[in-house]
Amino acid sequence: MTAAAVALALGAAVCFALGAALQQRAARQEPPHGTADPRLVIRLLRRRSWLLGKIPDLTGTLLQAFALRFGPLTLVQPLLVSGMFLAIPLEAALDHRRPHPRDLTAVAACVLGLGVFLAAARPRAGVAQPSLMGWMGLALVGGALVGICLLLAHRADGAARGTLLGIASGLLYAGTAALLKTVAERVTDDPLSTLTDWHLYALVVVGFASVALNQNAFQNGPLAAPLTSITLVDPIASVVIGVTAFHETLSFGGLRLLVEVPAILAMAFGIWLAGTRPGGREGFEGG
């Protein structure tokens, strides 16, 4: 089951990378919108290039759902970070330019750090779904963190704003993944009962919010800033959710800390590097 989860998660990562590159290009062609402005998504629905980007995005979501059905949240979500390697060169190719060295360094630091952390921590499965109290705790903490990011993003611009919006998007994507895992479990066990289950409708609401915020993040600065934040915060938040709500386990202590602490520092360096990239919003083309 673990091998199947890994293969499906890697397939999802490739799909998400292609979708992110296409959608970011379309979002940059729209005039700037306010933080979390839903009108941006409405305008993007009229763009063929953005709709084309949703095809690999939806395919990736389907593969992600199957991966979460076979593997723990603490394993599947971090594996999606591998798509970062493909998304940055794809964005550069679509813009007919070479990838910025700073972007590639940020991505490499995050991917290497996260990969080493996962190898040392060895995530293992827990319960099928959290308790109601567990969900309430996730909603309160996650909502507060997203709100703080949105307030700070309102006063920032360029790569810094894209990074903050990316962090908020990553938190929402982690919540979406947790809900998706629960819904996938219920669909397999009793498909009809899923239609009356609150998890399904919460998934729709949180999923739409994450997509809307994601597109807003893509409007600010180079792709590396929001994408690095999203793809790093998503797995980290998912690991926290997996451990606290799904009771999945990770290995810490002893000699492992000598590996895990530098890995965490490498990830922090990567997200800082992406968020401090010089230059503002690139490529607004109008139309």
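Rules of the game
- Residues numbered from 1 in each chain as written.
- Predicted model: local features only at pLDDT ≥ 70, side-chain atom pairs only at ≥ 80, totals over all residues.
- Heavy atoms only, no water.
- Phe/Tyr/Trp six-rings, centres within 6.5 Å; stacked < 30°, edge-to-face > 60°.
- Helix = DSSP H or I, 4+ residues; strand = E, 2+ residues; numbered from the N terminus.
- pLDDT = per-residue confidence, 0-100.
- Contact = heavy atoms within 4.5 Å.
- Salt bridge = Lys/Arg side-chain N within 4 Å of Asp/Glu carboxyl O.
- Buried < 20%, exposed > 50% of the residue type's maximum accessible area, 1.4 Å probe, protein only.
- Core = buried A, V, L, I, M, F, W, Y, C linked by side-chain atoms within 4.5 Å.
- Patch = residues over 30% accessible without salt bridge, like charges linked within 9 Å, V, L, I, M, F, W, Y side chains within 5 Å.
- Areas by Shrake-Rupley, 256 points an atom, 1.4 Å probe, with all protein chains shown as cover.

Novice: Even after reading the chapter, I still don't get the packing of aromatic side chains, so can you show me in this structure?
Specialist: Any two aromatic rings considered together are summarised by their centre-to-centre distance and by the angle between their planes. Under the criterion given, the structure shown has 2 aromatic pairs. On the basis of an interplanar angle of 85° and a centroid distance of 5.8 Å, the ring pair of Trp 135 and Trp 198 is categorised as edge-to-face. Here Trp 135, found in helix H7 (residues 132-154), pairs with Trp 198, found in helix H10 (residues 198-218); they are 63 residues apart in sequence, far enough to count as distant. Cluster of aromatic residues (ring-pair linked, three or more members): Trp 135, Trp 198 and Phe 246.

Novice: Sorry, what's going on with the confidence of the model for the chain here?
Specialist: When pLDDT is low, close inspection of the predicted coordinates is not appropriate. Of the residues in the chain, 90% have a pLDDT of 70 or more, and the chain-wide mean is 82. Predicted confidence in the chain is weakest over helix H5 (residues 84-94), with a mean pLDDT of 73, and strongest over H7, with 93. When the criterion is pLDDT under 50, residues 279-287 qualifies, and its contacts beyond four places in sequence or with other chains add up to 28 contacts.

Novice: Is there a simple way to explain the pattern of salt bridges in this structure?
Specialist: Considering all chains together, one arrives at 3 salt bridges under this definition. Across the salt bridge formed by Glu 185 and Arg 69, the nearest N and O atoms sit 3.6 Å from each other. Of the two residues, Glu 185 sits in helix H8 (residues 158-189) while Arg 69 sits in helix H3 (residues 48-70), which places them 116 residues apart along the sequence. Accessibility expressed as a relative area gives 14% for Glu 185, which makes it buried. For Arg 69, a relative accessible area of 25% gives the class partly exposed. Put simply, Arg 186 and Asp 197 hold a salt bridge, and the shortest N to O gap is 2.9 Å. Note that Arg 186 is positioned in helix H8 and Asp 197 in the loop between helix H9 (191-194) and H10, a separation of 11 residues in sequence. Note on Arg 186: relative accessible area 26%, which makes it partly exposed.

Novice: Whenever I open this one, the nonpolar core confuses me. Can you help?
Specialist: Across soluble globular proteins, nonpolar side chains show a tendency to be buried alongside one another. Counting residues in hydrophobic clusters, the biggest one holds 62 residues, and the most contacted among them are Leu 73 and Ile 241. Of the residues forming this core, the biggest block, 11 residues, is contributed by H8. Apart from the residues within four sequence positions on either side, Leu 73 is in contact with Leu 68, Pro 78, Ala 177, Ala 178, Lys 181, Ser 238, Ile 241, Gly 242, Phe 246 and Glu 248.

Novice: What should I look at first to understand a nonpolar patch on the surface in this one?
Specialist: On the surface, Leu 112, Val 116, Leu 255, Leu 258 and Val 259 cluster together into a nonpolar patch covering about 500 Å² of accessible area. Taken together, the elements giving at least two residues each to the nonpolar patch come down to helix H6 (101-121) and helix H12 (256-275). As for its placement among the helices and strands, Leu 112 is situated in helix H6.

Novice: Please explain the environment of Val 243 as it appears in this structure.
Specialist: Among the structural elements, Val 243 can be located in helix H11 (residues 224-244). Classification of Val 243 as partly exposed rests on a relative accessible area of 34%. Spatially, the C-alpha atoms of Val 243 and Arg 124 are 9.5 Å apart, while their sequence positions differ by 119 residues. Not counting chain neighbours up to four residues away, the residues in contact with Val 243 comprise Thr 74, Glu 248 and Leu 250.

Novice: Explain unusual backbone geometry to me, please; I cannot follow it from the model alone.
Specialist: What you tend to see is this: most non-glycine residues have negative phi, and most peptide bonds are trans. Phi at Arg 122 takes a positive value of approximately 50°, unusual for a residue other than glycine. Within the secondary structure, Arg 122 sits in the loop between H6 and H7. On the basis of relative accessible area, Arg 122 is assigned to the partly exposed category, the value being 45%. Here His 247, not a glycine, exhibits a phi torsion of approximately 55°, which is positive. Mapped onto the secondary structure, His 247 falls in the loop between H11 and H12.

Novice: Explain the environment of Leu 195 here, please?
Specialist: Topologically, Leu 195 is positioned in the loop between H9 and H10. Between the alpha carbons of Leu 195 and Val 183 there is a distance of 9.9 Å; along the sequence they are 12 residues apart. Once you skip the residues sitting within four places of it in the chain, Leu 195 turns out to touch Leu 200 and Tyr 201.

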